[in-house]
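Residue-level structure breakdown
Listed here are the chains, written in short residue letters.
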Amino acid sequence: MFYTLQKPATPVWSKSVIIGALGYLILPIDLIPDLLPGGYTDDLSGLFGALVTVSIFIDEEVKLNAKDRIRIWFGESALSDTDSVDEKLNNKTDSDKQDKDEDKDK
């Protein structure tokens, strides 16, 4: 989400969602204290909600920037995991498009 936040084309409302979710993550005051079992559930829910909300603004440039950062921090071996996720997402997207095309033909 960091690279989506930096894009000039990302609308202000979307940037606000990202800042709010990241701010809540680092805020010491939570709905569920982090020291309790399951304490990070509210933090992760906020991040996941923000990710789903702004996902339409995550393009190939953002993905490449994130992959470069992963490579720097964790090495080449970590990229194989992201590649397999991308492949699964692309296959899902392709099958959804085929289903829509078949529905239009009916």
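Quick summary incoming for the structure in this document. Worth saying up front: this structure is predicted, and the values here are computed from it rather than measured.

The rules behind each value
- Residues numbered from 1 in each chain as written.
- Predicted model: local features only at pLDDT ≥ 70, side-chain atom pairs only at ≥ 80, totals over all residues.
- Heavy atoms only, no water.
- Helix = DSSP H or I, 4+ residues; strand = E, 2+ residues; numbered from the N terminus.
- Contact = heavy atoms within 4.5 Å.
- Areas by Shrake-Rupley, 256 points an atom, 1.4 Å probe, with all protein chains shown as cover.
- Expected span 1.5 Å × (residues − 1).
- Buried < 20%, exposed > 50% of the residue type's maximum accessible area, 1.4 Å probe, protein only.
- Arc of directions from axis to C-beta.
- Axes fitted to C-alpha atoms, helices over the stretch in contact; angles between N-to-C directions.
- Parallel < 35°, antiparallel > 145°, perpendicular 65-115°, else oblique.
- Left-handed = near helix turned anticlockwise from the far one by under 90°.
- Salt bridge = Lys/Arg side-chain N within 4 Å of Asp/Glu carboxyl O.

Some thoughts on the overall build of the protein
Across its full length, the protein holds five helices and zero strands. When the helices and strands of the protein are listed from N to C terminus, the series reads α-α-α-α-α. If you take every contact in the protein between residues at least 6 apart in sequence, the share linking residues at least 24 apart comes to 44%. Total accessible area on the protein is roughly 8000 Å²; 63% of this is exposed by carbon and sulfur atoms.

Points about helix α3 (residues 41-54)
Given 3.6 residues per turn, any residue in an α-helix points the same way as the ones three and four places further on. Over its 14 residues, α3 runs 20 Å from end to end, which matches the ideal 20 Å to within 8%, given 1.5 Å per residue. Taken as a whole, α3 has its buried residues at D42, D43, L47, A50 and V54. Viewed end-on, α3 has its buried residues packed into an arc of 140°, placing them on one side of the element. Turned more than 90 degrees from where α3 packs its buried face, L44 and F48 sit exposed. Its buried side turned inward, α3 meets α2 (12-26).

A short note on the packing of α2 against α3
Following both chains from N to C, one finds α2 and α3 inclined at 165°, their axes separated by 9 Å at the closest point. When the axis of α2 is compared with that of α3, the two are roughly antiparallel. In this structure, α2 crosses over α3, and the sense of that crossing is left-handed. Between α2, through W13, S14, V17, I18, A21, L22, Y24 and L25, and α3, the contact on the second element is made entirely by D42, D43, G46, L47, A50, T53 and V54.

Thoughts on the side chain of T10
Examined against the element boundaries, T10 turns out to sit in the loop between α1 (2-6) and α2. Setting aside its immediate chain neighbours within four residues, T10 contacts T4, K15 and F57.

Observations concerning the pattern of salt bridges
The final tally for this structure, using the stated rule, is four salt bridges. Notably, a salt bridge pairs R71 with E76, separated by 2.8 Å at the nearest N-O pair. What you see here is one network of salt bridges that share partners, running through D68, R71 and E76.

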